[in-house]
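Observations on the model geometry
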Protein chains: 2
Amino acid sequence: MEDLDRQEILDDVSYLIEAKQAPKLRAIMLDAYPADIADLLTHMEGDYRHYLFAALDRHTAADTILEVDESTRQELIEAWDEHQLAGLVREMNSDDAADFISELSPELAAKVLKLFEPEESAEVRQLLAHEEDTAGGIMALELVAMAQDSTVEEAINEIRKKADEIETINHVYVTGEDRRLVGIVPLKKLLLAEAYTHLSAIMNRDVISVLVGTDQEEVAKLARKYDLLSVPVVDAQGRLVGRITYDDIVDVMQEEVAEDISHMAGIASAEDMRDSSIIRTVRLRMPWLVIGLFGGLVAAWVLSFFEHRLQDNILVLMFFVPVVMAMGGNAGIQSSTIVVHGLATGSIDVGDMFRRLLKEMRVAFMNGFLCGALIWVIITIFWRSPEFGFLVGASLLCVMFIAALVGASVPLLLKRFDVDPAIATGPFITISNDILGLFIYMAISTMYFWYWQ
Amino acid sequence: MEDLDRQEILDDVSYLIEAKQAPKLRAIMLDAYPADIADLLTHMEGDYRHYLFAALDRHTAADTILEVDESTRQELIEAWDEHQLAGLVREMNSDDAADFISELSPELAAKVLKLFEPEESAEVRQLLAHEEDTAGGIMALELVAMAQDSTVEEAINEIRKKADEIETINHVYVTGEDRRLVGIVPLKKLLLAEAYTHLSAIMNRDVISVLVGTDQEEVAKLARKYDLLSVPVVDAQGRLVGRITYDDIVDVMQEEVAEDISHMAGIASAEDMRDSSIIRTVRLRMPWLVIGLFGGLVAAWVLSFFEHRLQDNILVLMFFVPVVMAMGGNAGIQSSTIVVHGLATGSIDVGDMFRRLLKEMRVAFMNGFLCGALIWVIITIFWRSPEFGFLVGASLLCVMFIAALVGASVPLLLKRFDVDPAIATGPFITISNDILGLFIYMAISTMYFWYWQ
């Protein structure tokens, strides 16, 4: 929503709230998208927020509370008792219900679950039992599954029966003996087939499915590769147990991106941008800062180690410490980012490792050569010292080459040993390259002054 | 595909190619997913690659060539003449056809287009006329649109007619006078309604659509916010002209992420990971490296500027230049990354600017205070100099605070003036913080030695 639009709507809604026009608000919000109502709620003050949320009909309220950010959600939840919350949960799909309940305090969650029929609460408990970042953790139980000898007409009747319960239906899953998944029929095919056709005659037999324990990142990769709208989930015996829908797949993609970007920036895990707790944010950011601090102290030690060896020359060398550090850092980050992102999206695989490394090394050599030559020219012109310019330029070439090599090879090695390469981007690469770069610069300088002077 | 599986399949396929079993290959590949065939092609040698691709039936070949990477595609295209290419294009959706033709050389594209009926080639030309990164540039013309007084039965007949031409149909669009978009009917509703029902009675009237010229990033944001499977595209008069499907929306999301990550790493635009040209890669990475180089030279100038003022003390201060630079860089990158990513995903908006800045400042002060205190303790213990430790610690606090402030405020300011904040992450922030940080460190040190010694 644009800022101006929102302000106008906020004014209108606030007016209705002040006039205590709950029924009118409910009627207006029935036509609004939950994402827009969530947007309004986030931009309202406490009492207004509670009044508007309480005015919503149950179905809209359930959709809306799933769309607001975590801190607003917590605030809204605190104002409601377990009976009201159970009413909301009843309106949700099983996967959303499980996510919602997992965010409640354990006591409140138990109270809410007690209000359900044993069968209903068993469903939610079953979903809660799966690891959060696996296919089982993001799947919904609501789906249309038919035996393979059912007819098109029977399938349509089943869809009719479940239409209220399931928001989006794009496929009918076909199961064989023991609920094993054997095929899939897109709604389009169902619409075009004759009523008495057997599903087995029109189904697509080559179904792409995932196991309950499959990592959610893997699910998103599959969905992207094969352009899937939803992914069926099966257990170890191949029995259909759930499906992952489009919106959850997109959420996973976003989550993974946020994680990768956080790692690149040296933040322990994805920060909720709308989270207002300073302490939580500090805690997420401190670990890499402290590691960086010790890295910097090691760098100080490297410099002091060379102090006596370089004697009178140390000071002039010091002036170019920032440029050597920064350029090593830049070259390393460029290489590692490209490799990490390539590995994450699957456009580089471990089989390509050597080809990829070779390319990075050639690029790094060329970049280092160009930058080294440039700084040589600049130092020769402005500091009038071609020898010293050559020393800095040669160091720059070595430092940038090594930095890019480290940047590209560390993530590839991590991947080879099944460690998430994203942790290798950003601070880790930068810190090791800072230390390595200073060491190389100082070592080359020591040799230079040793031999030539 | 896992490496082991792929090697086995590659061996089998290579055997069939050597035995010149084209019909058998065609039959096998009919059951394979185009993404998997593309995967095989990329991992094959030249002649084998051409043989396998030529063995595919036309429909599979068209789907497959859209899935391979750019350099493999160019290689495959070069081996085919315009008649063969036109045959492929005929099998494609209009949006894929336009993308494919836009990758051909202008002469070849003209030759291919000449082989089409005027009407067909006009469609493709029309799509080619839109800006690549707008809704018009990614939309397809194939869709099912019905007048609002049509019945459900008529809509189903229309779908039947178009079923071959359109791969995925999830909605029927309903148009009023002059092809203006007035509603949308999901297939599920169509399936459940009686045959003689008018579409106007069951359609959803609150349709979210985009204009032909809408930026593709905006389209992806809308689709994500409202969980849309496809987005209808209208012209300035509200007339339905196309639709953007799920797979293209996901592609846009991926593209935007790749762009943002590249900017963060100081790479001019998203690198194609599978691109093997060294020169192209060097050209993408050099601009920020050169800017970084000049930034480093400015840093050298800052240090030399303070040389005379600090005299004997300069050398010991120099040892801590790396730690001050690195910590300023880290704090700045953390803040700017969080703000840029928040702005890109819409979880921060410009209205939140001051609240957001205030939070970043408080976090930065706390982080700076903790790191400053830590380095004070360490220098006191290991260098036995509490005064000097205090000097470095106080500098660290100031540098980290200012760096985070710059990191958070620059993207917010850019956004305020409608510049893409992604360019402000990574190198730009790092370079300005390097220079600013060194200046602050040196200035504080100068004052310190001036007053206290």
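All chains use their own residue numbering, which begins from 1 and follows the written sequence. Whichever chain is written first becomes A and whichever ligand is written first becomes 1, with later ones labelled in order. Local features in this predicted model are restricted to residues of pLDDT 70 or higher, and side-chain atom pairs are both shown and tallied only at a pLDDT of 80 or more, whereas totals for entire chains, interfaces and linings draw on every residue. By convention in this description, side-chain values take in all heavy atoms of the structure and omit both hydrogens and water.

1. Some details on the domain arrangement of chain A
Residues and elements named next belong to chain A. By domain assignment, chain A separates into domain 1 (3-134), domain 2 (145-246) and domain 3 (278-452). Distance from the C-alpha centre of domain 1 to the C-alpha centre of domain 2: 30 Å. Working rule for contacts: check all heavy atoms of both residues, and any pair within 4.5 Å makes them a contact. Domain 1 puts 5 residues into the contact, and the matching count from domain 2 is 6 residues. Among the residues domain 1 hides against domain 2, the three largest losses belong to Asn93, Asp133 and Thr134. Together they make up 68% of the total. For this analysis, a salt bridge means a side-chain nitrogen from Lys or Arg found within 4 Å of a carboxyl oxygen belonging to Asp or Glu. Across the domain 1-domain 2 interface, the total number found is 0 salt bridges. Here a polar contact is recorded for every N or O atom pair within 3.5 Å, except that within protein the pair must consist of a potential hydrogen donor and a potential acceptor, and residues adjacent in sequence are included only if both atoms are side-chain atoms. Linking domain 1 with domain 2 are 1 residue pair in polar contact (both at pLDDT 80 or more), by the criterion used here. Classification convention: Asp, Glu, Lys, Arg as charged; Ala, Val, Leu, Ile, Met, Phe, Trp, Tyr, Cys, Pro as nonpolar; all other residues, Gly among them, as polar. By residue class, the composition of the side of domain 1 that touches domain 2 is no nonpolar, 3 polar and 2 charged. In this entry, domain limits derive from an automatic or database-based domain assignment. Joining two parts hides part of their accessible area as seen by a 1.4 Å probe, and the buried area is that hidden amount summed over both.

2. Some words on the relation of the copies chain A and chain B
In superposing the copies, a least-squares fit is computed on C-alpha atoms, taking residues whose pLDDT is at least 70 in both. If you rotate chain A by 180° and push it 0.1 Å along the axis, it lands on chain B with an RMSD of 0.1 Å. Each copy turns onto its partner about a two-fold axis.

3. As for a negative patch on the surface
Patch membership requires more than 30% relative accessible area and the absence of a salt bridge. Residues of like charge join within 9 Å; the nonpolar side chains Val, Leu, Ile, Met, Phe, Trp and Tyr join within 5 Å. Note on areas: these come from Shrake-Rupley sampling with a 1.4 Å probe, and a residue is covered only by the protein chains present in the view. Counting rule applied: Lys, Arg positive; Asp, Glu negative; His and chain ends not counted. Each charge is placed at NZ for Lys, CZ for Arg, CG for Asp and CD for Glu. A cluster of acidic side chains, namely Glu67, Asp99, Glu131, Glu132, Asp133, Asp215, Glu218, Asp251 and Glu255 of chain A together with Asp227 of chain B, defines a negative patch on the protein surface. Among the secondary structure elements, Asp99 of chain A is positioned in helix 8 (residues 94-102). The secondary structure listing takes helices from DSSP runs of H or I that are at least 4 residues long and strands from runs of E that are at least 2 residues long, numbered from the N terminus.

4. Section: helix 17 (residues 278-310) of chain B
For an α-helix the count is 3.6 residues per turn, leaving residues at separations of three or four pointing the same way. With 33 residues, helix 17 of chain B extends 46 Å between its outermost C-alpha atoms, agreeing within 8% with the 48 Å of an ideal straight helix rising 1.5 Å per residue. In the stretch just after helix 17 of chain B, Gln311 of chain B is the one whose phi turns positive, near 45°. One less than the residue count of a helix, multiplied by 1.5 Å, gives the span that helix is expected to have.

5. Some words on the interface of chain A and chain B
With 112 residues of chain A at the interface, the matching set in chain B holds 112 residues. Interface of chain A and chain B: buried area, both sides summed, is about 10100 Å²; carbon and sulfur atoms make up 69% of it. Across the salt bridge formed by Glu360 of chain B and Arg285 of chain A, the nearest N and O atoms sit 2.9 Å from each other. Our enumeration of links across chain A and chain B arrives at 21 residue pairs in polar contact (both at pLDDT 80 or more). The biggest single contributor to the side of chain A that touches chain B is helix 17 (residues 278-310) of chain A, with 19 residues. Broken down by class, the residue content of the side of chain A that touches chain B amounts to 66 nonpolar, 20 polar and 26 charged.

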